[in-house]
Amino acid sequence: MKNLFRTLVKTNPNLGFSIARMTLGLVIFPHGAQKLLGLFGGYGYSATIEMFTTQMGLPSIIAFSVIMIEFFGSISLVLGLFSRFWALSLIGMFLGIIFTTQLQHGFFMNWSGNKAGEGYEYSLLVIGIALSILMNGSGKYSIDTIISK
């Protein structure tokens, strides 16, 4: 168990990885705040759970997990706390999004609004950045760096 914890917080003290981690956290945060708190034009927790379970047919545990990963994961990424765990969670979540809702709409996002859904280009960017974090850790300026010492 101790080795697992060490692996989780071990990080490459590189500024570039800190930038990637903070960028990903800052981009994902508004999505989580929409779903959990109703900020940024979102509907909040209850309405989001309702939409995920009734309209999209997702199990309630998946709906709950998406909200928690986006909100608490994004904050943890900005802080650099257990970034590898949150990066892996985002990779799994965005792979699920691609295969359940985006693949059928092609690569490109729906910038013009003329398609029934979004393509997967944004999701691939999130996965790529998250893979970098998963492989290298939180980077130079992070709570993980402090913990690992």
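Structure shown above.
This section reports on the structure supplied with the text. (Residues numbered from 1 in each chain as written. Predicted model: local features only at pLDDT ≥ 70, side-chain atom pairs only at ≥ 80, totals over all residues. Heavy atoms only, no water.)

1. Observations concerning helix α6 (residues 121–136)
The periodicity of an α-helix, 3.6 residues per turn, causes residues three or four positions apart to be oriented the same way. Rules: A run of DSSP states H or I qualifies as a helix once it reaches four residues; a run of E qualifies as a strand once it reaches two. Both are numbered from the N-terminal end. Each helix should span, by expectation, one fewer than its residue count multiplied by 1.5 Å. Per-residue accessibility, obtained with a 1.4 Å probe over protein chains only, is compared with the maximum for each type, and a residue is labelled buried under 20%, exposed over 50%, and partly exposed between these values. Pairs of residues are marked as contacts when any of their non-hydrogen atoms sit within 4.5 Å.
Taking 1.5 Å of rise per residue, 16 residues should cover 22 Å, and α6 covers 23 Å from first to last C-alpha, within 8% of that figure. Within α6, burial applies to Glu 121, Ser 123, Val 126, Ile 127, Ala 130, Ile 133 and Asn 136. Of the surrounding elements, those touching the buried residues of α6 are α2 (15–37), α4 (60–79) and α5 (83–102). Within two residues after α6, Gly 137 carries a phi angle of roughly 90 degrees, on the positive side.

2. Overview of the side chain of Thr 48
Mapped onto the elements, Thr 48 comes out in helix α3 (residues 44–55). When its relative accessible area of 5% is taken as the criterion, Thr 48 is described as buried. Leave out the neighbours within four places in its chain, and Thr 48 touches Gln 34, Lys 35 and Ile 67.

3. As for the environment of Arg 84
Just so we agree on the cut-off: Counting of polar contacts relies on pairs of N or O atoms within 3.5 Å, with two restrictions inside protein: one atom must be capable of donating a hydrogen and the other of accepting it, and residues adjacent in sequence are counted only when both atoms are side-chain atoms.
Tracing the backbone through its elements, the reader meets Arg 84 in helix α5. Take Arg 84: its relative accessible area is 14%, and that puts it in the buried class. Side-chain polar atoms of Arg 84 contact the backbone oxygen of Leu 134, separated by 2.8 Å.

4. Regarding a nonpolar patch on the surface
For clarity, the cut-off: Residues qualify for a patch when their relative accessible area is over 30% and they have no salt bridge, like charges being joined within 9 Å and the nonpolar side chains of Val, Leu, Ile, Met, Phe, Trp and Tyr within 5 Å. All accessible areas in this document rest on Shrake-Rupley with a 1.4 Å probe, and a residue is counted as covered only by the protein chains that are shown. Should a side-chain nitrogen of Lys or Arg be within 4 Å of a carboxyl oxygen of Asp or Glu, the pair is scored as a salt bridge.
There is a patch of nonpolar side chains on the surface, built from Phe 5, Phe 72, Ile 75, Leu 79, Ile 143 and Ile 147 and spanning about 460 Å² of accessible area. Listing elements by their share of the nonpolar patch, those giving two or more residues are α4 and α7 (143–148). For the nonpolar patch, the leading source of residues is α4, giving 3 residues. By the element assignment, Ile 147 lies in helix α7.

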